[in-house]
Amino acid sequence: MSLKGFFGHLRTINRHRHKVIAHCAKAGILWQGLRHDLSKYSPTEFIPGVKYFQGTRSPNEAERELNGYSLAWMHHKGRNRHHFEYWIDVDPAEPVKMPLRFLAEMFCDRVAASKIYRGEKYRDSDPLDYFLSRKPTRSIHPETSDMLEKLLRMLAEQGEEAAFAYLRELVKAGKEY
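The structure contained in this document is the topic of the report that follows. Note that this is a predicted model, so its numbers are computed, not measured.

Analysis parameters
Residues numbered from 1 in each chain as written. Predicted model: local features only at pLDDT ≥ 70, side-chain atom pairs only at ≥ 80, totals over all residues. Heavy atoms only, no water. Helix = DSSP H or I, 4+ residues; strand = E, 2+ residues; numbered from the N terminus. Buried < 20%, exposed > 50% of the residue type's maximum accessible area, 1.4 Å probe, protein only. Contact = heavy atoms within 4.5 Å. Expected span 1.5 Å × (residues − 1). Core = buried A, V, L, I, M, F, W, Y, C linked by side-chain atoms within 4.5 Å. Axes fitted to C-alpha atoms, helices over the stretch in contact; angles between N-to-C directions. Parallel < 35°, antiparallel > 145°, perpendicular 65-115°, else oblique. Left-handed = near helix turned anticlockwise from the far one by under 90°. Nonpolar A, V, L, I, M, F, W, Y, C, P; charged D, E, K, R; others polar. Disulfide = S-S within 2.5 Å.

Another aspect to go through is the overall build of the chain. Secondary structure summary: the chain contains 9 helices and 0 strands in total. For the chain, the α and β elements follow one another from N to C terminus as α-α-α-α-α-α-α-α-α. Among the 177 residues that make up the chain, the fraction classed as buried is 47%. Restricting to contacts in the chain with at least 6 residues of sequence separation, those with at least 24 account for 62%.

Attention shifts here to helix α1 (residues 3-27). With 25 residues, α1 should cover 36 Å at 1.5 Å per step; its first-to-last C-alpha distance of 36 Å lies within 8% of that length. Among all positions of α1, only Gly5, Gly8, His9, Thr12, Ile13, His16, Arg17, Val20, Ile21, His23, Cys24 and Ala27 are buried. Looking at the buried positions of α1, the neighbouring elements they touch are α2 (30-35), α3 (43-51), α4 (59-67), α6 (100-118) and α9 (160-173). Just beyond α1, the residue with positive phi is Gly28, at close to 85°.

For the rest of this paragraph, the subject is the side chain of His9. By the element assignment, His9 lies in helix α1. Since its relative accessible area comes to 6%, His9 is described here as buried. The contacts of His9, once residues within four sequence positions are left out, are Glu45, Phe46, Gly49, Val50, Phe53 and Pro59.

The next subject is the nonpolar core. Counting residues in each nonpolar core, the largest one holds 32 residues, and the members touching the most others are Met98, Phe107 and Leu167. Elements with a minimum of two residues in this core: α1, α6, α7 (126-134), α8 (142-158) and α9. Among the elements that take part in this core, α6 stands out by supplying 9 residues, more than any other.

On to the packing of α6 against α8. Across the interface, α6 lies against α8 with an axial gap of 11 Å and an inter-helix angle of 45°. What the angle tells us is that α6 and α8 run oblique. The way α6 lies across α8 gives a crossing that is right-handed. Across from Leu103, Met106, Phe107, Arg110 and Val111 in α6, the residues of α8 making contact are Thr144, Met147, Leu148, Leu151, Leu152 and Leu155. Residues of the contact of α6 with α8, tallied by class, amount to 9 nonpolar, 1 polar and 1 charged.

Attention now goes to the state of the cysteines. The tally for this structure, following the rule as stated, stands at 0 disulfides. Unpaired in terms of disulfides, Cys24 finds its nearest cysteine sulfur in Cys108, a separation of 4.0 Å.

Quick look at the environment of Asp109 now. Here Asp109 lies in helix α6. For Asp109, a relative accessible area of 10% translates into the label buried. Put simply, Asp109 and Gly33 are 76 residues apart on the chain and 9.1 Å apart in space, counted from C-alpha to C-alpha. If near-sequence neighbours (up to four positions away) are discounted, Asp109 is found in contact with His16, Val20, His36, Asp37, His82 and His83.

In short, shape yes, function no, at least from these values alone.
Structure (structure tokens):
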């Protein structure tokens, strides 16, 4: 493990978590933000994160390219309910609809990740572009996909303030989508 990789990865996950916490506060789910991605500090996820650290994308992608899979990602998605992959049970063709509070955290996570990895180049359309680029191969409940896309489009077209205000009202109402 290099010191550059160690501190680079630690800095990246800390910056990401802090952005997610701020976004979750805007969405009305602060407690979830405070617990967001704590598994990234476990040895199973942190050590490969250091080993495959690049700073411009998830280390899991590099691990996957080299090995054909990412053990860190498998560990992560099985412990974090804000990932739609967590909601696939026996049949990947029949994913489970995510509860709104986890979908809200997923939205916060995607926006924060785009900001961290895109840096000064970030635009409010980046999370939507990323979502759409992977949509054809994604196994996600159709209603979850539609609602996430709606939120991402709102972000791209109306801005962060409007998207978070809408999401906060949904969460506050306590209704499912």
